[in-house]
Amino acid sequence: MAFNLAPLQNLIDQFERMQGIGHKTAQRMAFYVLGLSDTQAREFAQAIIDAHTKIKQCKVCCDLADGDLCPICKSDARDKSVICVVEDPRDVAAIERTHEYKGTYHVLHGAISPMDNIGPDQIRIKELVARLNDDTVEEVIMATNPTVEGEATAMYISRLLKPMGITVSRLAYGVPVGADLEYADEVTLSRALEGRSLI
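Treat the numbers as computed from the prediction; the structure is a model and nothing was measured.

What counts and what doesn't
- Residues numbered from 1 in each chain as written.
- Predicted model: local features only at pLDDT ≥ 70, side-chain atom pairs only at ≥ 80, totals over all residues.
- Heavy atoms only, no water.
- Helix = DSSP H or I, 4+ residues; strand = E, 2+ residues; numbered from the N terminus.
- Rg over C-alpha atoms; globule rule 2.2 N^0.38 Å.
- Buried < 20%, exposed > 50% of the residue type's maximum accessible area, 1.4 Å probe, protein only.
- Salt bridge = Lys/Arg side-chain N within 4 Å of Asp/Glu carboxyl O.
- Pairing = 2+ DSSP bridges.
- Axes fitted to C-alpha atoms, helices over the stretch in contact; angles between N-to-C directions.
- Contact = heavy atoms within 4.5 Å.
- Polar contact = N/O pair within 3.5 Å; in protein donor to acceptor, adjacent residues only side chain to side chain.
- Phe/Tyr/Trp six-rings, centres within 6.5 Å; stacked < 30°, edge-to-face > 60°.
- Expected span 1.5 Å × (residues − 1).
- Arc of directions from axis to C-beta.

Caption draft 1: Focus on the overall build of the protein. From N to C terminus, the protein includes eight helices and six strands. Shown N-terminal to C-terminal, the secondary structure of the protein runs as helices and strands in the order α-α-α-β-β-α-β-α-β-α-β-α-β-α. Its C-alpha atoms give the protein a radius of gyration of 21 Å, clearly above 16 Å, the size a compact globule of 199 residues would have. Scored against the burial criterion, the 199 residues of the protein give a buried share of 31%.

Caption draft 2: Summary view of unusual backbone geometry. Not every positive phi belongs to a glycine, and C62 is a case in point at roughly 70 degrees. Note that C62 resides in the loop between strand 1 (56-57) and strand 2 (64-65). The class of C62 is buried, set by a relative accessible area of 5%. One non-glycine residue, H109, lies in the positive phi region at around 60 degrees. Mapped onto the elements, H109 comes out in the loop between strand 4 (103-107) and helix 6 (125-131). Among the residues examined, H109 registers a relative accessible area of 27% and is labelled partly exposed.

Caption draft 3: Main features of the pattern of salt bridges. Summed over the entire model, instances satisfying the criterion amount to five salt bridges. K54 is paired through a salt bridge with D50; the nearest N and O atoms lie 3.9 Å apart. On the criterion of helical spacing, the pair formed by K54 and D50 is a turn pair, its members being four residues apart in helix 3 (residues 38-54). The exposure class assigned to D50 is partly exposed, which follows from its relative accessible area of 26%. Across the pair D68 and K59 runs a salt bridge, and its minimum N-O distance is 3.8 Å. By relative accessible area, D68 is classed as partly exposed at 46%. We classify K59 as exposed; its relative accessible area is 66%.

Caption draft 4: Summary view of the sheet that holds strand 4. With parallel pairing, four strands are arranged side by side in an open sheet as 4-3-5-6. Single-partner strands in this sheet number two, and they are strand 4 and strand 6 (167-170). Direction aside, the axes of adjacent strands within the sheet are offset by 25 degrees on average. Bridge count between strand 3 (residues 79-86) and strand 5 (residues 139-142): four bridges; the pairing is parallel.

Caption draft 5: Fine view of the environment of L108. Mapped onto the elements of the fold, L108 is located in the loop between strand 4 and helix 6. The spatial distance from the C-alpha of L108 to the C-alpha of M18 is 20 Å, given a sequence separation of 90 residues. Ignoring sequence-local partners within four residues, the contact set of L108 consists of V85, V86, E87, I123, R124, I125, T144, T153 and I157.

Caption draft 6: Layout of the side chain of H106. Structurally, H106 is set in strand 4. A polar contact of 2.7 Å, which involves the side chain of H106, links it to the backbone oxygen of R124. Among the polar contacts listed, one links the side chain of H106 to the backbone nitrogen of L128, at a separation of 3.4 Å. The contact partners of H106, leaving out residues within four places of it in the chain, are V60, C61, C62, I83, C84, V85, V86, R124, E127, L128 and R131.

Caption draft 7: Structural view of the packing of aromatic side chains. What the rule picks out here adds up to one aromatic pair. Each ring, one from Y101 and one from Y105, has its centre 5.1 Å from the other, and the planes form 65 degrees; the classification is edge-to-face. In this pair, the class of Y101 matches that of Y105, namely buried.

Caption draft 8: Just the environment of L193, in detail. Take L193: it is sitting in helix 8 (residues 186-194). Along the sequence, L193 and M142 sit 51 residues apart, while their C-alpha atoms lie 18 Å from each other.

Caption draft 9: Local environment of helix 7 (residues 148-161). An ideal rise of 1.5 Å per residue puts 20 Å on 14 residues; helix 7 measures up with 20 Å between its terminal C-alpha atoms. Restricting attention to buried positions, one finds in helix 7 the residues G150, T153, A154, I157, S158 and L161. Buried residues of helix 7, seen end-on, are gathered within an arc of 130 degrees and therefore sit on one face of the element. Opposite the buried face of helix 7, by more than 90 degrees, sit the exposed residues V148 and R159.

Quick look at the structure:
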C-alpha cells in the first residue's frame, strides 16, 4: 500500500532497500521514526551520518574501523601468525562471540560469484596476499560461508596461497548442537564426517 504523503512513502522506501527488510517491517520502522521527538529524530539521523562518515575499512584486515586500524589489528595480544578469512564484518563479530579464536582476520567484503559479476578483483583478495609477504603468517583459516560462492572463494584463495608455503585450513561444518541426525541433509552430514575430531 502506497501512502499519499510523499515524505512518509520515501522513508518506507528507504527502509525497504535494506537487506532482509520487507514492506511491512519497513512501514513499522517508518512509523517508529515518525513517533520520535524532534531531538530523538535528529540524534537518529546524526547516528546514521556519523556511522557513514566515520567508519571505514581497517588498512590491514579490511574490517570496520573508526581509525586506520581496527581494535583487533591494534592489539598486541592477538596471534599475528594466523589469519581467519571471512566474507563480511558480521562474520568477525560471530567468531569473536565464541571467545575461542585468538588470531587475526581478513574481511573479503563478498564472495566470488560469476552469476553476480563478482570476480576475485571485486573482493579483498589482493589485500590478503599482500599481508602474506612478510613471512609472519603461518596459517590461513578459510571461514567463508558454506555456500557455492563461499566454497568457490575458499578454493580460489587456497590455490593462490598453497605455492607460498602457508597452511590453508577450512572451518569444519557439521551437525549443529541439539539437532537430530535424521533431519540433517547429506551435505551437512558429509561435512560433519570430514570435520570429525578425536574425543
